[in-house]
Amino acid sequence: MQPSDTFSGLECTETGTEYDADVTGRSEAGAPLDPTYDLDAVDWDADTLAGRAFDSMWRYRELLPFSDPVTANEGATPLVEASALGDEAEVGTLLIKDEGRNPTGTFLDRGFSLAATAARNAEAEVVAHASPGNGAQSAASYAGLVDVRSYGFVPSRTPFPNKAMVNVHGGQMKVVGGRYPDALSALHEQLKSDWYTLQEFDNPYRHDGAKTIAYEIAERLDWSVPDWVVVPAATGELVYGVSKGFRDLADLGLVEDVPRLVAAQSAGCAPIATAWEAGNDDTEAWNHPDTIVGELEIPDPEGGALALRAIEETDGLAASVGDDDALESAVTAAQKAGVEVGAAGGVALAAVWDLADEFDDEDTVVVVNTESGSKNADILRSHLMGQGI
């Protein structure tokens, strides 16, 4: 393993207890582990970063754990101004951080770059995890870069493009009847040989890739921060990761404050939003998940408590929206902003409309589109057909 010079190791997110960098799974307290860094050793300023090519998230290598990454140039995604959508939402500026431009069309590429590097450094021969779909495709791609056997357990409702591309990347796809929890159970029941986990929060590095989204947003805004950042919330890794990224920048003195975060969920599966509205500090499993937005149908999010903490620390909010509103928002983004927003990104956009009263008319709002619209093209097209189009 070749850690970066500033990487300190892993830390329990509940107790602060330190762990070695090669540990996987949870802490003794049952909480996720989090990579930590010696921020005093990070010698950054705007001029230093301006001298580096804006070609991947690894331009921020001092705040990433490995000096020898497995990478497909993930990151460096555009921040697109959506003026027409901003006018409709009555906010000063609306921007879309388009994570659909990543190598496999999802923000998850950032985290799997780190997870695959950790697997390679652990000399893993088999890697595996369960996913609603996008993660299986991304993991297969990065596992292929290190030439290890990979297994992606997905529910039967996973979109065909995800299933196809798992095999195209050389991964082994295991389709499980039912929904995401069934795929997760099947992973542990069926895979008997030794394997290295790529599961979010069991692998402590995936959410650390998501923080680079915050770095890129701030840099693109000349080291200022938006008033709000709205993110689709599933497992909690994106909410927590983005929050961590902005905290890093504030601690380094590169930005003066952190934006308020909004965790957006589908009304048919909203454990984080429901816990937030109830004032709870952890989520309860959603008994009957039912949303067409499969990437967000995570009824018992592993990072639910961390997401709620991130919302509270940023004076943020959580919201849930209906499927029809989410799909309509995704279609509107394609037609008025030229961005192929996926169904999950549509949830975040729909939340902007639902929370319009919370925003000032001069606010800058960034919406994170987590996936390419091409992954959900059939769903978006069906939505239009339902309108007679």
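Predicted model only: the values in this text are computed from it and were never measured.

Between helix α3 (residues 108-121) and helix α4 (residues 134-145), the shortest axis-to-axis distance is 9 Å and the interhelical angle comes to 45°. What the angle tells us is that α3 and α4 run oblique. The two elements α3 and α4 cross, and the hand of that crossing is right-handed. Contact with α3, carried on its side by L108, D109, F112, S113 and A116, involves N134, G135, S138, A139 and Y142 of α4 and no other residues of that element. Classifying every residue of the contact of α3 with α4 gives 5 nonpolar, 4 polar and 1 charged.

Per the UniProt entry, the sites bearing "domain: Tryptophan synthase beta chain-like PALP" (unreviewed entry) are residues 71-370 in this numbering. Between the C-alpha atoms that bound residues 71-370 the distance is 19 Å, and the span itself is 42% helix and 17% strand.

Mapping W44 onto the fold places it in the loop between β3 (33-37) and α1 (46-50). Classification of W44 as buried rests on a relative accessible area of 10%. Setting aside residues no more than four positions away along its own chain, W44 makes contact with L49, R52, Y60, E62, L63, Y215, L249, L252 and L254. A distance of 2.9 Å separates the side chain of W44 from the side chain of E62, its partner in a polar contact.

Let us look at the packing of aromatic side chains. Tallied over the full model, the rule gives 7 aromatic pairs. Both rings, one in W44 and one in Y215, keep their centres 5.9 Å apart while their planes meet at 90°; by these two values the pair is edge-to-face. Taken together, the residues span a long stretch of sequence, with W44 in the loop between β3 and α1 and Y215 in helix α7 (residues 206-220) at a distance of 171 residues. With respect to burial, W44 and Y215 carry one shared label: buried. Both rings, one in W228 and one in F359, keep their centres 5.0 Å apart while their planes meet at 70°; by these two values the pair is edge-to-face. Remark: F359 occurs in the loop between α12 (343-354) and β13 (364-369) and W228 occurs in strand β10 (residues 228-232); sequence separation between them is 131 residues. Accessibility classification places W228 together with F359 in one group, the buried group. Members of the aromatic cluster, connected to one another through ring pairs, are F7, Y37, F66 and Y205. Over the ring of Y60 we find R59; its NZ or CZ atom is 5.4 Å from the centre of that ring.

What counts, and where the lines are drawn
Residues numbered from 1 in each chain as written. Predicted model: local features only at pLDDT ≥ 70, side-chain atom pairs only at ≥ 80, totals over all residues. Heavy atoms only, no water. Axes fitted to C-alpha atoms, helices over the stretch in contact; angles between N-to-C directions. Helix = DSSP H or I, 4+ residues; strand = E, 2+ residues; numbered from the N terminus. Parallel < 35°, antiparallel > 145°, perpendicular 65-115°, else oblique. Left-handed = near helix turned anticlockwise from the far one by under 90°. Contact = heavy atoms within 4.5 Å. Nonpolar A, V, L, I, M, F, W, Y, C, P; charged D, E, K, R; others polar. UniProt positions renumbered as here; feature names shortened; annotations may be inferred. Buried < 20%, exposed > 50% of the residue type's maximum accessible area, 1.4 Å probe, protein only. Polar contact = N/O pair within 3.5 Å; in protein donor to acceptor, adjacent residues only side chain to side chain. Phe/Tyr/Trp six-rings, centres within 6.5 Å; stacked < 30°, edge-to-face > 60°. Lys NZ or Arg CZ within 6 Å of the ring centre and 35° of its normal.

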